[in-house]
Amino acid sequence: VYAHYNGLAGGKGVGKKSADLLGAWACSACHAMYDRVYLRSVDCTKADVELGFWHGHARTIATLDREGFF
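Residues numbered from 1 in each chain as written. Predicted model: local features only at pLDDT ≥ 70, side-chain atom pairs only at ≥ 80, totals over all residues. Heavy atoms only, no water.

Caption draft 1: Molecular detail of the overall build of the chain. Check the secondary structure of the chain and you find two helices and two strands. For the chain, the sequential pattern of α-helices and β-strands runs β-β-α-α. Oriented by its inertia axes, the alpha-carbon framework of the chain measures out at about 40 × 25 × 20 Å. For the chain, with 70 residues in total, the buried portion stands at 27%. Counting only contacts in the chain whose residues sit at least 6 apart along the sequence, the fraction spanning at least 24 positions is 44%. As displayed, the chain has an accessible area near 5,000 Å², and 61% of this comes from carbon and sulfur atoms. (Helix = DSSP H or I, 4+ residues; strand = E, 2+ residues; numbered from the N terminus. Buried < 20%, exposed > 50% of the residue type's maximum accessible area, 1.4 Å probe, protein only. Contact = heavy atoms within 4.5 Å. Areas by Shrake-Rupley, 256 points an atom, 1.4 Å probe, with all protein chains shown as cover.)

Structure (structure tokens):
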């Protein structure tokens, strides 16, 4: 599942996703956690989730680059 960056700096707004370049491939559970910052059932903070997103973003961009998309 492709998770788009949730911050305003990426162009996100009401009813508008951020730029496609600012995203990460994630499993559906991680995508849901990132979109909702649903932390009650897991032992991590909002900062942990945000850092996980950026690690996933880096891996996604590296894979796309390696496969010749850039």
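Next comes the rest of the account.
Caption draft 2: Highlighting helix α2 (residues 46-66). Taking 1.5 Å per residue, 21 residues should reach 30 Å; α2 reaches 30 Å between its end C-alpha atoms and fits that length. Looking at α2, one finds that the buried residues are Val49, Phe53, Gly56, His57, Thr60, Thr63 and Leu64. Take α2 and look down its axis: the buried residues cluster within an arc of 135°, on one side only. Seen from the buried face of α2, the exposed residues on the opposite side, beyond 90 degrees, are Ala47, Leu51, Arg59 and Arg66. The inward-facing, buried residues of α2 contact β1 (2-4), β2 (23-25) and α1 (28-36). (Expected span 1.5 Å × (residues − 1). Arc of directions from axis to C-beta.)

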